[in-house]
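So the chains spell out like this:
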Amino acid sequence: MPEVKNNLGNTGIEVIEPLEEEKIIDIVNQVAIRIMTAFPNHNLSYLDIYRTLLDTPMYYAKIPKGLSKANYYYKDSSIYFSENANLSKVDEFIFHEFIHRLQERKDKKGNITRLGVCEVNELSVKATALNEAAIQFVTTKAFDMQKKQVNIYNITMPSRTEYYPIITNIISQLAFLLGENVLIDSTLNGNEEFKIDIIDNVGENEYKFIEKNLNDILRLKSEILNIQNNMQLVDKWEGPENSKALEIEQKSKIIRNIFFDIQNKIYTSYFDNLLKRTENDLEINMIIQKLQDYKEYIGTAEDNIAFNLFYGDFIKRAEQRIEELKNKTALIVLKDNIVYRFFRKIKRLFFNSKNEYNK
């Protein structure tokens, strides 16, 4: 049995006792089977998953309000469950934390260097929000969760989950554009392929923008949660309850603006880059169709018409590109004809001269 700890850093989690061995075996088996069933083509090993999770310290704990009923703590590679959690059946929240555990990649000294799409060093953990979104995307696939329209922060968007819906929508957009297999592979096997694909197809500066702003969304979401918890703890504010509500409203608006900024950055950069690379009208028509299909993945709002403006402008530029390519092709054909006629003249002169010589 692992040694029982009293607290967990500054998380507010208070450890009670280790999970029972039979409970651990049951949970591990459920998680391993679900992963292998959902992702049979991603070079995963049931035994490796089972052994890794079975060696994971697990505890019952008092979990502060606002945190999930299951929490992975990367500093000690352990998972902590709420004392009131029903652990008889693994749900999306528990599954999410076990994916965190499987993401660990360590150096020879035992230090964690990667967590899925996260880069970990002594000073920081990069792409935290991107990784959370990637895990939740994988979770929705593993549980075959159905898509529905939701409204969050006055944004209407398609979502398969109520857990991290904003950032998961962003990752879903990227998965549609770049292909979900590379996202799943990077999330489960801990490599940079998804990051590289974003940089290659959207842009390096754009990747940094996405990474930073997704982190900002998580930070603001956490700040809103803290304000809400404090408001519930105190029966009476000395006049400031309205100010707290206003603060929540302001932070919610910032999240909304950040979301649309990220979304705008993704589709403008991706489709503009794609259009520049086209070589014929067939490719351009395929891109137009992809842009039309992409519309089903984005968040929308009545007062935000940025995508519609981009769409109209893109169609015009795509049509111009088709004409440019046609003219270019026609010019090449014309040049080829001129060159061909020139060589025919040379050939005739040569053979005519030869014939004259032989008379």
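What you see is a predicted model, and the numbers here were worked out from it, not measured in a lab. (Residues numbered from 1 in each chain as written. Predicted model: local features only at pLDDT ≥ 70, side-chain atom pairs only at ≥ 80, totals over all residues. Heavy atoms only, no water.)

**Concerning the overall build of the protein**
Stated precisely, the cut-off is as follows: Secondary structure counts use DSSP, requiring at least four H or I residues in a row for a helix and at least two E residues in a row for a strand, with both numbered from the N terminus. Computed with the Shrake-Rupley method and a 1.4 Å probe, the accessible areas treat only the protein chains shown as cover for residues.
Helix and strand counts for the protein stand at 11 helices and 10 strands. Roughly 20500 Å² of accessible area belongs to the protein as shown, and the carbon and sulfur atoms make up 49% of that amount.

**Considering the packing of helix 4 (residues 128-142) against helix 6 (residues 180-189)**
If you want to describe how two helices pack, look at the angle between their axes and the distance between the axes. Using the following cut-off: Lines are fitted to the C-alpha atoms to define the axes, a helix being fitted only along its stretch in contact, and any angle between axes, read from their N-to-C directions, falls within 0 to 180 degrees. Note on terminology: angles under 35 degrees are roughly parallel, angles over 145 are roughly antiparallel, angles of 65 to 115 are roughly perpendicular, and the others are oblique. Less than a right angle of anticlockwise turn of the near helix away from the far helix marks a crossing as left-handed, whereas a clockwise turn marks it as right-handed. Contacts are residue-level and defined by heavy atoms, with any inter-residue pair within 4.5 Å sufficient. Ten residues, namely Ala, Val, Leu, Ile, Met, Phe, Trp, Tyr, Cys and Pro, are considered nonpolar, four, namely Asp, Glu, Lys and Arg, are considered charged, and the remaining ones, Gly among them, are considered polar.
Here helix 4 crosses helix 6 at 110 degrees, and the two axes come no closer than 10 Å. As judged from the angle between their axes, helix 4 and helix 6 are roughly perpendicular. As for the relative orientation of helix 4 and helix 6, their crossing is left-handed in sense. Between helix 4 and helix 6, the residues in contact are Ala134, Ile135, Phe137, Val138 and Lys141 and Glu180, Leu183, Ile184, Thr187 and Leu188, respectively. In terms of residue class, the contact of helix 4 with helix 6 is built from 7 nonpolar, 1 polar and 2 charged.

**Observations regarding the environment of Lys23**
Checked against the element boundaries, Lys23 lands in helix 1 (residues 21-38). The sequence separation of Lys23 and Leu87 amounts to 64 residues, and the corresponding C-alpha distance is 7.8 Å. With sequence-adjacent residues up to four places away left out, Lys23 is seen in contact with Tyr60 and Leu87.

**Looking at the nonpolar core**
For clarity, the threshold we go by: Throughout this description, the term nonpolar core refers to a set of buried Ala, Val, Leu, Ile, Met, Phe, Trp, Tyr and Cys residues connected via side-chain atoms within 4.5 Å. Under the scheme applied here, a residue whose accessible area is under 20% of the maximum for its type counts as buried, over 50% as exposed, and between as partly exposed, the area being computed with a 1.4 Å probe on protein chains only.
Among the nonpolar cores identified, the biggest contains 94 residues, and Phe81, Phe98, Leu214, Phe271, Tyr294 and Phe314 are the most heavily contacted of them. The biggest single contributor to this core is helix 9 (residues 241-276), with 11 residues. Residues contacting Phe81, with those up to four places away along its chain left out, are Leu19, Ile27, Met58, Tyr59, Tyr60, Ala61, Ile63, Lys69, Ala70, Leu87, Ile94 and Phe98. Of all hydrophobic cores here, the second largest spans 8 residues; its members include Ile13, Val15, Ala61 and Tyr73.

**A short note on unusual backbone geometry**
A positive phi is found at Ser77, a non-glycine position, where the angle reads about 50 degrees. Non-glycine residue Tyr164 carries a positive phi angle of around 55 degrees. Mapped onto the elements of the fold, Tyr164 is located in the loop between strand 10 (155-159) and helix 5 (165-178).

**So, the pairing of strand 9 (residues 148-152)**
Under the convention used in this document: Strand pairing follows a simple DSSP-based rule, namely that at least 2 bridges must link the two strands.
As judged from the 5 bridges shared by strand 9 and strand 10, these two strands associate in the antiparallel manner. When the sheet's bridge partners are listed, Val150 is paired in strand 10 with Met157. Joining the antiparallel neighbours strand 9 and strand 10 is a turn of 2 residues, in which Tyr153 adopts a positive phi near 50 degrees.

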